[in-house]
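One-letter residues, chain by chain:
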Amino acid sequence: MQMRHCFTTVWTNLRDPQDCIIHTKGTDSDSSCCLSDTSVKMPLSRSLSMTSLSGVLPAWEEDELPVEDLLLFEVAWEVTNKVGGIYTVIQTKAKITADEWGENYYMMGPYFEQNFKTQVEACEPPNPNIRKAMDALIHNGCQVHFGRWLIEGSPYVILFDIGSAAWNLDRWKGDLWQTCNIGLPYHDREANDSLILGSLIAWFFKELTDNLGDKPNVVAHFHEWQAGPGLILSRSRKIPMATVFTTHATLLGRYLCAGNADFYNNLDKFNIDKEAGERQIYHRYCLERAAVHCAHVFTTVSQITAVEANHMLHRKPDVVTPNGLNVKKFSAMHEFQNLHSTSKARLQEFVRGHFYGHLDFNLEKTLFFFIAGRYEFSNKGADIFLESLSRLNYLLRVHRNDVTVVVFIIMPAKTDNFNVESLKGQAVRKQLWDTAHTVKEKFGTKLYDALLKGNIPDMNSILDRDDFTIMKRAIYATQRHSLPPVTTHNMLDDSTDPILSNVRRIGLFNSRNDRVKIIFHPEFLSSTSPLLPMDYEDFVRGCNLGVFPSYYEPWGYTPGECAVMGIPSVTTNLSGFGCFMEEHVTDPAAYGIYIVDRRFRSAEESCNQLTQFMFSFCQQSRRQRIIQRNRTERLSDLLDWRYLGRFYIHARHLALSRAFPEKFKVDPIAPLKTEGFRYPRPYSVPPSPSASIHSTPHHSDVEDDDDEPYDEDEEAERDRLNFKAPLVLGAMPEGKKKQPGESGN
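Residues numbered from 1 in each chain as written. Predicted model: local features only at pLDDT ≥ 70, side-chain atom pairs only at ≥ 80, totals over all residues. Heavy atoms only, no water.

**Side note on the sheet that holds strand β9 (residues 242-247)**
Neighbouring strands of a sheet are bound in pairs by backbone hydrogen bonds; such pairs are parallel or else antiparallel. Put simply, the rule is: At least two DSSP bridges between two strands are needed for those strands to be called paired. Here a strand is any run of E in DSSP of at least two residues, a helix any run of H or I of at least four, and the numbering for each starts at the N terminus. Throughout, a residue-residue contact means that at least one pair of heavy atoms, one from each residue, lies within 4.5 Å. Comment: axis = line fitted to C-alpha atoms, over the contacting stretch for helices; angle = value between 0 and 180 degrees taken between N-to-C directions.
With mixed pairing, the nine strands of this open sheet are ordered in space as β5-β6-β7-β4-β3-β8-β9-β10-β11. Unpaired on one side and paired on the other, β5 (120-122) and β11 (319-320) mark the two borders of the sheet. With four bridges joining them, strand β3 (residues 70-75) and strand β4 (residues 105-110) adopt parallel strand pairing. Counterpart to Leu-72 in the pairing with β4 is Tyr-105. Helix-sheet contacts for helix α10 (residues 303-312) involve β10 (297-300) and β11, and the interaxial angle to β10 is about 125°.

Here you go:
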């Protein structure tokens, strides 16, 4: 039997990067590699998480980073290479980082020919030292490509061709083993590619720092475990540079949650080595954990992930760096309400076709809910969402509510092609539209002629027998003997698909009596689709509520995208976005952010809470929904990279102070001032929700005179003032003067 290697590692972090030592002892075991739980971890200063920094990090007015004397490199597998959510993070953050660092900012990742041809404009490096370091690799048979990534901000990218250096894999595996006793199995191509990329990056940094000498200093920011080997090898070779490592989700955490483990209640009970080994990801886990402990600064994207990382990776994050958005991209000035109406009208047209023959509900009183994301049935909360929809349907029927809810489920799955019934529905709708348009033109011409002659026309003379025949044939064409389809595509695994199996269980088949209708679209949206020709952004704008009751969501971009477009959403306190909103908004629900408690409540209680949120939303009048959308849209400043980018600034500053303490100072004992802001309860919201939402579901869209007071300009100005004027979260005792940099907690 082939024996795999095991090791124990002791990490020692000293002030000077040259003194970062990795002590290893190799043994034999059936495990690919291991990290001792009793290892001594790098000493950490007080963690600057969102708990202690619930607000704006102060700008360094007197102690700003001298970016002209620094080079910043950001390393990620998804640079120019869209795989998942990290691509969105680095792409949207590029502009504010490029604005700050100018031509001293570079991104690094793997080279893929097709991506390079379509997304990158090749050019020469502006820095001759970059050119020399690239040439050193090229002259040794490794291909390195340079250019500008054609996204907002146009950052420089350095891309390494993994295939051209694959012949070094065995040697580099030996180097990794000699360095930290981590062995990689030959069959894990992703891990092997990560090692090749990491070795090339470490080689590049060695050549670069040798050329640069003492100035400028280098800061390297690594994202996720795929970039980990580059950090590990750079630190083990004592390359003089400051390093930051960000985990967007722990490897083992994602695997455990996907396996329906009671993750958050057992964080301190998992046997990490055993769980990783059973899932055959132990070597990946070792790379991730080694990178975490080698970095000068370790960050995560949310407080909930910080708790997870502390247990899974045995290091408390130094800084929490929440994910932001380029709000400018999503903002529609003051027209977002009009855009909502326009996009909603397009959704209504699709619904008319999909439900032809069963369109017995009022589209003006129909609300559109949706859930979207990767098809992770439990992690994304699709399980409790479907159960809550069943209960919502019951409540709407019992209360004889005239509101209908159409739910879109946008999750890509294996399909054969479009469903014939779905395509037929859109064809029937178009045919009816053409017929109505033809009759309308004929009717309009005859009516016009009669009025010109001064006559009140006889309807029988305007519409002849042929017109009535055409209209009757059109009506008969809308008859169908089957229910509208639940899914728009032919599913390959129809009988075992989790969503369809649960739809069968709860019995929501789009029947006439159901007030909740389901449309499962197992494909990402596209404006070129013959069925639902809408981009994702237009689709979101047309919906009334996004529902994302995730169980495992380190951040969660979907509710954030809803917020910046003024669309209310449901999230949870197990998502990074939900925790962030709880920290920063006094009453999130008043701003259209409904947070389901999935951390401290049972699944049944969480399901009931979600049902109540959706039912309360259905009870709102049209005017109340418009007011709520205005409030939701004003939260967009909170999610802008122009604010959230400050956490990355602090992480780099902290890394430089640890790598080069003689040049950069950050007091490790007294953290930055914990000053911030919290959005207050909206001015127009009464203290009791009963005053703003009717106690009975039977209410009209016509507003009463005594409805809640609302002045949009006045309320918006109050929110802006609260945004600009930070509140000190911790009050100082009388007579004591607060020192610069002292915490108010």
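**Considering the packing of helix α12 (residues 336-354) against helix α14 (residues 420-452)**
Quick note on the threshold: Under this scheme an angle from 65 to 115 degrees is roughly perpendicular, one under 35 degrees roughly parallel, and one over 145 degrees roughly antiparallel; angles in between are oblique. Under this grouping Gly is polar, as are all residues other than the nonpolar Ala, Val, Leu, Ile, Met, Phe, Trp, Tyr, Cys and Pro and the charged Asp, Glu, Lys and Arg.
Where α12 contacts α14, the axes come no closer than 7 Å and their chain directions differ by 110°. Accordingly, the angle class assigned to the pair α12 and α14 is roughly perpendicular. Here Glu-349, Phe-350, Arg-352, Gly-353 and His-354 of α12 come into contact with α14, specifically with Ser-422, Gly-425, Gln-426 and Arg-429. Looking at the contact of α12 with α14 residue by residue, the class counts come to one nonpolar, five polar and three charged.

**As for the nonpolar core**
Stated precisely, the cut-off is as follows: As used here, the term nonpolar core means buried Ala, Val, Leu, Ile, Met, Phe, Trp, Tyr and Cys residues forming a set that is joined through side-chain atoms within 4.5 Å. Exposure classes here rest on a 1.4 Å probe applied to the protein chains alone. A residue is buried below 20% of its type maximum, exposed above 50%, and partly exposed in between.
Membership of the largest hydrophobic core comes to 85 residues, with the highest contact counts inside it found for Phe-369, Leu-389, Leu-392, Phe-408 and Phe-539. For this core, the element with the most residues is helix α13 (residues 382-398), which contributes seven residues. Those residues within four positions of Phe-539 in sequence are excluded, and the remaining contacts are Leu-347, Phe-370, Phe-408, Ile-410, Leu-525 and Met-534. Counting residues in each nonpolar core, the second largest holds 77 residues, with Leu-71, Ile-158, Ile-232 and Val-292 among its members.

**A short note on the pattern of salt bridges**
Pairs can form between side chains of opposite charge whenever their charged atoms are close. Keep this limit in mind: Here, a salt bridge means any Lys or Arg side-chain nitrogen found within 4 Å of an Asp or Glu carboxyl oxygen.
Under the definition given, this model contains 35 salt bridges. Linking Glu-103 and Arg-148 is a salt bridge whose minimum nitrogen-to-oxygen distance equals 3.8 Å. Placement of Glu-103 in the loop between α1 (85-101) and β4 and of Arg-148 in strand β6 (residues 144-149) is noted, with a sequence separation of 45 residues between them. For Arg-148, a relative accessible area of 25% gives the class partly exposed. The closest approach of N and O atoms between Lys-365 and Asp-402, which form a salt bridge, is 2.9 Å. With a gap of 37 residues between them, Lys-365 in the loop between α12 and β12 (366-372) and Asp-402 in the loop between α13 and β13 (404-410) connect regions that are remote in the sequence. By relative accessible area, which is 35% here, Lys-365 ends up partly exposed. Residue Asp-402 is classed as partly exposed on the basis of its relative accessible area of 41%.

**Comments concerning the packing of aromatic side chains**
Cut-off, in case you're wondering: Working definition: a ring pair exists when centres of Phe, Tyr or Trp rings (six-membered ring for Trp) sit within 6.5 Å. Plane angles under 30 degrees give stacked, over 60 give edge-to-face, the rest tilted. Distance and angle both matter: a charge sits over a ring if NZ of Lys or CZ of Arg is within 6 Å of the ring centre and within 35 degrees of the ring normal.
Within this structure, the stated rule accounts for 32 aromatic pairs. Plain terms: the ring middles of Phe-204 and Phe-205 are 5.9 Å apart, the flat faces sit at 65° to each other, and that makes the pair edge-to-face. Classification of Phe-204 by relative accessible area gives buried; the value is 0%. The buried category is assigned to Phe-205, whose relative accessible area is 0%. Ring plane angle 70° and centroid distance 5.7 Å describe the contact between Trp-641 and Tyr-648, whose orientation is recorded as edge-to-face. In this structure, Trp-641 and Tyr-648 share a single accessibility class: buried. The lysine or arginine in question, Lys-93, covers the ring of Tyr-648, its NZ or CZ lying 4.6 Å from the ring centre. Cation over ring: Lys-663 sits above Phe-660, and NZ or CZ is 6.0 Å from the ring centre.

**Concerning α13**
Stated precisely, the cut-off is as follows: Expected helix span is given by 1.5 Å per residue-to-residue step, counting one fewer step than there are residues.
For α13, spanning 17 residues, the distance from its first C-alpha to its last is 24 Å, which sits close to the expected 24 Å at 1.5 Å a residue. Within α13, the full set of buried residues consists of Ala-382, Ile-384, Phe-385, Leu-386, Glu-387, Ser-388, Leu-389, Leu-392, Asn-393 and Leu-396. In this fold, the buried residues of α13 make contact with β12, β13, α17 (498-506), β16 (516-521), β17 (545-547) and α21 (603-619). Looking one or two places after α13, you find Arg-400, whose phi comes out positive at around 50°.

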